[in-house]
Amino acid sequence: MYSEMNHHQKNWSGAGSGPRSRGEDEDVLMSDPHDPLRSRYTPYGHRPNRPDRERGGLSNINLTVRKNLGVSEQSFPIGCASRTTWFKITIPYGWKYEKGWLFTTLQSVCTVPFIPLEVHYANNRIVFYVDDSAAANALRHVSRKIVDSDGYKVQLIVYPCNRPPTVQHDLKPEELEHLTQCMSKRYDGSQQALDLKSLRTDPDLVAQNIDVVLNRRNCMLNVLRIIEENIPELLSLNLSYNKLYRLDDMADLCQKAPNLKILNLSSNQLKAERDLDRLKGLKLEELWLDGNPLCDGFADQSTYISTVRERFPKLLRLDGHELPPPISFDVEAPPTSLPASKGSYFPSDDLKVLILRFLQQYFTIYDSGDRQALLNAYHDGACCSLSIPAIKYNPSRGSLSEYFKYSRNVKKLRDPSMRFRLLKHTRLNVVAFLNELPKTQHDINSFVVDVCAQTNTLLCFTLNGLFKQVDGKCRDLMWAFSRVFIAVPAANNGLCVINDELFIRKANEEELRKAFDMPAPTPSSSPVPTLSAEQQEMLQAFSLQSGMNLEWSQKCLSDNGWDYTHAAGVFTQLKAQGKIPEVAFLN
């Protein structure tokens, strides 16, 4: 591998441009690149006579390894590690990770602190360097120990390397000053335009023997930094004839020059349309790409235009040609917050009564501690499943870990047999599964019901809300849930569930703030005490006046010491605040 990064290499990007990619199965020479080439050591072949002083030594042995070995199988040769302190770390498919999350997580699990240098994208990978062998070995052991949000393990490939070319050829302070002056001469303040066409051949830079090659990462980053510090209001940028073959190093251009409207990338060496994805944050109105190989890869002009406009929907001119006005529905307006939720939706009052009665009965049993009575709520052929978001590396106490073994999150669960096993069939298996879940207490006041579909024989509705776990290692922690019920009519004018899908997640801060903050009475499952004639008369009057059913009316009077006036005042206050659930008014 050292031979790939010697001082005579012409590709300074670090991504490699040879006919074979780094991921191919090839031999890599692990000897020092400055040593003369020697033949491979063959331990079982014919050996010429050697002096005794060389026997047992390793000085004349070249070690080759297969590049497609897993990370756990690789190690750094002692001799090689002693000659270099630079290591290249590659993260396959790193483009899909947010950089902040990725490096924060790596720092938290890596046993040796490290400073990532020259972080950049190379196609779909993230590449960076470290100049510490201890940190490199620690990063190698972190490979596959971090899990992303989709449940995939993050792989790190670590190789020793020479000093990165961008570090070798970093511009000195006096050279940066000359570059700044050169760019100042090329800037047209009246048009807010910067012309960097064929920058490497600029006479001022050539006279000072300063080599500014914009397809080198450090040169491009220096140019972007000068733009940010001196002309952030830039509207037009010309980068034509600079032999650019990738745009990874220009990914921050939308932050450095947020007002940029015109960009000229013509007559470079861009080959893939995906390179344009690095610039998608720009609101370009004019773009030049002619003279790049990527322009030859489209079937016709309309395909070319639509592909480019997909990245830059406000584009009006492409390669100097006027384009049809863009069809756009976006409105330039300041960010606005989402409107407040309108609460539950029921197509009719009769359906509202039916669903709320079912939910009151269902969760009274579900939270009672013995869920066996829920057998009556499910059809003989019912199905049920539970899923949770993917759990990151080293889950904490509040990570839903108690639900992990039951989770049928098909986005990360690839094994068909596991998918089938975690889908509970028949009402006996469904209720047995529900009995295995931790005990809960649901906040009925948080319930929001949305009826999705309704026919004479089928009803589908979703239920969103909060519950508190009352046992297990996550006791007293609050969770949010979303539940989809598909039900059919039951014999007792109720509902019979044929499909039950439960999703559990962490409650957000706003949900936690509102949870269980409504001291409205809740019906008790304890035996109803015998009431005196006076209390029965008071109960009937209170139920008639308040509109609540007898059970909730009795609870309200009982909680207030059967003081009718005080109970009425509490009821009026809670009702005005919207803190009495709708189930309290069902007969």
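So, how was this worked out
Residues numbered from 1 in each chain as written. Predicted model: local features only at pLDDT ≥ 70, side-chain atom pairs only at ≥ 80, totals over all residues. Heavy atoms only, no water. Helix = DSSP H or I, 4+ residues; strand = E, 2+ residues; numbered from the N terminus. Contact = heavy atoms within 4.5 Å. Areas by Shrake-Rupley, 256 points an atom, 1.4 Å probe, with all protein chains shown as cover. Pairing = 2+ DSSP bridges. Core = buried A, V, L, I, M, F, W, Y, C linked by side-chain atoms within 4.5 Å. Buried < 20%, exposed > 50% of the residue type's maximum accessible area, 1.4 Å probe, protein only. Phe/Tyr/Trp six-rings, centres within 6.5 Å; stacked < 30°, edge-to-face > 60°. Polar contact = N/O pair within 3.5 Å; in protein donor to acceptor, adjacent residues only side chain to side chain. Axes fitted to C-alpha atoms, helices over the stretch in contact; angles between N-to-C directions. Parallel < 35°, antiparallel > 145°, perpendicular 65-115°, else oblique. Left-handed = near helix turned anticlockwise from the far one by under 90°. Nonpolar A, V, L, I, M, F, W, Y, C, P; charged D, E, K, R; others polar.

The name an unreviewed UniProt entry gives the protein is Nuclear RNA export factor 1, with Sphaerodactylus townsendi as the organism.

Scanning the protein from N- to C-terminus turns up 16 helices and 19 strands. Once local pairs closer than 6 in sequence are excluded, the contacts in the protein between residues at least 24 apart make up 67%. Entry remark: accessible area of the protein is about 32600 Å², with carbon and sulfur atoms responsible for 52%.

A sheet is described by the order of its strands in space; here seven strands give the open sequence β7-β8-β9-β10-β11-β12-β13, paired in mixed fashion. Strands at the two margins of the open sheet, each flanked by one partner only, are β7 (187-188) and β13 (321-322).

Here the focus is the nonpolar core. Among the nonpolar cores identified, the biggest contains 56 residues, and Y362, Y378, L434 and F461 are the most heavily contacted of them. The biggest single contributor to this core is helix α10 (residues 349-366), with eight residues. In this structure F461 touches I355, F358, L359, V449, D450, V451, C452, R483, V484, F485 and L495, once residues within four positions along its chain are discounted. Membership of the second largest hydrophobic core comes to 46 residues, among which are L205, C219, L260 and L289.

Applying the stated criterion to the full structure yields 20 aromatic pairs. Here F358 and F461 contribute two aromatic rings whose centre-to-centre distance is 6.4 Å and whose plane-to-plane angle is 85 degrees, an arrangement assigned as edge-to-face. Remark: F461 occurs in strand β17 (residues 459-469) and F358 occurs in helix α10; sequence separation between them is 103 residues. You'll find F358 and F461 in the same group, each marked buried. Aromatic side chains F447 and F481 sit 5.9 Å apart centroid to centroid with 85 degrees between the ring planes, which places their arrangement in the edge-to-face category. Here F447 is found in strand β16 (residues 440-454), whereas its partner F481 is found in strand β18 (residues 478-489), with 34 residues between them in sequence. Each member of the pair, F447 as well as F481, is classed as buried. Aromatic ring contacts, followed pair by pair, group F358, Y362, F363, Y366, Y378, F447, F461, F467, F481 and F485 into a single cluster.

So, about the side chain of D249. Structurally, the position occupied by D249 is in the loop between β9 (236-238) and α8 (253-256). Within the structure, D249 has its side chain in polar contact with the side chain of R246 (distance 3.4 Å). D249 has contacts with H120, R216, R217, M220, L221 and L224, leaving out every residue within four places of it along the chain.

A few words on the packing of helix α14 (residues 533-546) against helix α16 (residues 564-576). At a minimum axis distance of 12 Å, the contact between α14 and α16 shows a crossing angle of 25 degrees. Between α14 and α16, the angle falls in the class roughly parallel. Here α14 runs over α16; the crossing is right-handed. Side by side, α14 and α16 meet where M538, A541, F542, Q545 and S546 of the first sit next to Y564, A567, A568, F571 and K575 of the second. Taken together, the residues of the contact of α14 with α16 break down into seven nonpolar, two polar and one charged.

For T90, the location among the structural elements is in strand β3 (residues 87-91). A residue is classified by how much of its surface remains accessible, and T90, at 8% relative accessible area, is buried. Here T90 is in contact with R125, I126, V127, Q155, L156 and I157, once residues within four sequence places are set aside.

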